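# Structural overview
As a plain string of letters, each chain reads:
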Amino acid sequence: MHKRFTIPTTGPGLYEMTPALLAWVNNHDLAEGLLTLFIRHTSASLVIQENADPDVQVDLRAYFDRLVPPSSDPSMRYLTHTYEGPDDMPAHIKAALLPTHLQIPVIQGRLMLGTWQGIYIFEHRTKAQQREVVALLR
């Protein structure tokens, strides 16, 4: 079983897709298996992160922005891929550092996420995007 999820983003940050995934998994009769997720982009990532305190998402974004600033920052003057804007190459670097796929066990028909865990797209570009995530349930 597979499905493509299209998630709109409005700029950098984490976009939770857990509810959509839970609804999809719950509509199938799979007692045990594995959910594999793959984002079809090179400037966004997938992460499992805390979904209770929104400050975690704010801090993660701030950390990665400090770790990999825009190409307009003097510390990034060595970058050559800059024609798509100052956020583009840093977005590719962040996506190379973070996962672009995830696997979550399914047991007794339920995703085995922890109490405070959510599944997120981590958008690295400043412009609005339509991100596609492919889900495979086996």
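Scroll up to find the structure.
Below: a short report on this structure. Keep in mind that what you see is a predicted model, and the values were worked out from it rather than measured.

Bringing the pairing of strand 8 (residues 129-137) into the picture now. Two faces make up the sheet, and in a regular strand the side chains alternate between them. Bridge count for strand 1 (residues 2-9) against strand 8 is eight bridges, and the pairing is antiparallel. Among the inter-strand pairings, Thr6 is bridged to a residue of strand 8, identified as Glu132. Here strand 3 (residues 32-39) runs beside strand 8; their pairing, made up of five bridges, is antiparallel. Pairing of Thr36 across the sheet is with Leu136, part of strand 8.

Let us now look at a nonpolar patch on the surface. Taken together, Tyr63, Leu67 and Leu97 make up a surface patch of nonpolar side chains, about 320 Å² in accessible area. Among the secondary structure elements, Tyr63 is positioned in helix 2 (residues 54-67).

What follows is about the sheet that holds strand 1. An order of 1-8-3-5-6 is seen for the five strands of this open sheet, with the pairing classed as antiparallel. Because the sheet does not close on itself, it has two edges, and the strands there are strand 1 and strand 6 (110-111).

This part takes up the pattern of salt bridges. Here the idea is simple: oppositely charged side chains can pair when their charged atoms come close. Within this structure, the stated rule accounts for seven salt bridges. For Arg40, the salt bridge goes to Glu132, with nearest N and O atoms at 2.4 Å. You can see Arg40 sitting in the loop between strand 3 and strand 4 (44-50) and its partner Glu132 sitting in strand 8, a full 92 residues away along the chain. For Glu132, a relative accessible area of 18% corresponds to the buried category. A salt bridge links Arg131 to Glu123; the nearest nitrogen and oxygen atoms lie 2.7 Å apart. Note on Arg131: relative accessible area 3%, which makes it buried. A single salt-bridge network, built from bridges that share partners, covers Arg4, Arg40 and Glu132.

Across a sheet, strands are paired by hydrogen bonds formed along the backbone, either parallel or antiparallel in direction. Reading across the sheet, the three strands line up as 2-7-4 and stay open at both edges, with antiparallel pairing between neighbours. The sheet is open, and its two borders are formed by strand 2 (13-16) and strand 4, each paired with just one other strand. Taken over all neighbouring pairs, the strand axes of this sheet differ in orientation by 40° on average, direction set aside.

The next point concerns helix 2. Helix length check: helix 2, at 14 residues, gives a terminal C-alpha distance of 20 Å against a target of 20 Å (1.5 Å per residue), a fit within 8%. One side-chain oxygen at the N-terminal end of helix 2 lies 2.9 Å from the backbone nitrogen of Asp55; it belongs to Asp53.

Quick look at helix 1 (residues 18-26) now. All buried positions along helix 1 are accounted for by Thr18, Leu21, Trp24 and Val25. Buried residues of helix 1 fall within an arc of 130° about the axis and therefore sit on the same side. Seen from the buried face of helix 1, the exposed residues on the opposite side, beyond 90 degrees, are Pro19 and Asn26.

This paragraph deals with unusual backbone geometry. Positive phi is not limited to glycine here, since Gln108 has a value of about 50°. Residue position: Gln108 is located in the loop between strand 5 (101-107) and strand 6.

A word on the packing of aromatic side chains. This structure, assessed with the given rule, holds three aromatic pairs. Relative to Trp24, the ring of Phe5 lies with its centre 6.0 Å away and its plane at 85°, an arrangement referred to as edge-to-face. With a gap of 19 residues between them, Phe5 in strand 1 and Trp24 in helix 1 connect regions that are remote in the sequence. Take Phe5 and Trp24: they sit in the same class, and that class is buried. Grouped by ring-pair contacts, the aromatic residues Tyr63, Phe64 and Phe122 constitute a single cluster. Positioned above the aromatic ring of Phe5, the side-chain terminus of Lys3 is 5.3 Å from the ring centre.

What counts and how
Residues numbered from 1 in each chain as written. Predicted model: local features only at pLDDT ≥ 70, side-chain atom pairs only at ≥ 80, totals over all residues. Heavy atoms only, no water. Pairing = 2+ DSSP bridges. Helix = DSSP H or I, 4+ residues; strand = E, 2+ residues; numbered from the N terminus. Patch = residues over 30% accessible without salt bridge, like charges linked within 9 Å, V, L, I, M, F, W, Y side chains within 5 Å. Areas by Shrake-Rupley, 256 points an atom, 1.4 Å probe, with all protein chains shown as cover. Salt bridge = Lys/Arg side-chain N within 4 Å of Asp/Glu carboxyl O. Buried < 20%, exposed > 50% of the residue type's maximum accessible area, 1.4 Å probe, protein only. Axes fitted to C-alpha atoms, helices over the stretch in contact; angles between N-to-C directions. Expected span 1.5 Å × (residues − 1). Polar contact = N/O pair within 3.5 Å; in protein donor to acceptor, adjacent residues only side chain to side chain. Arc of directions from axis to C-beta. Phe/Tyr/Trp six-rings, centres within 6.5 Å; stacked < 30°, edge-to-face > 60°. Lys NZ or Arg CZ within 6 Å of the ring centre and 35° of its normal.

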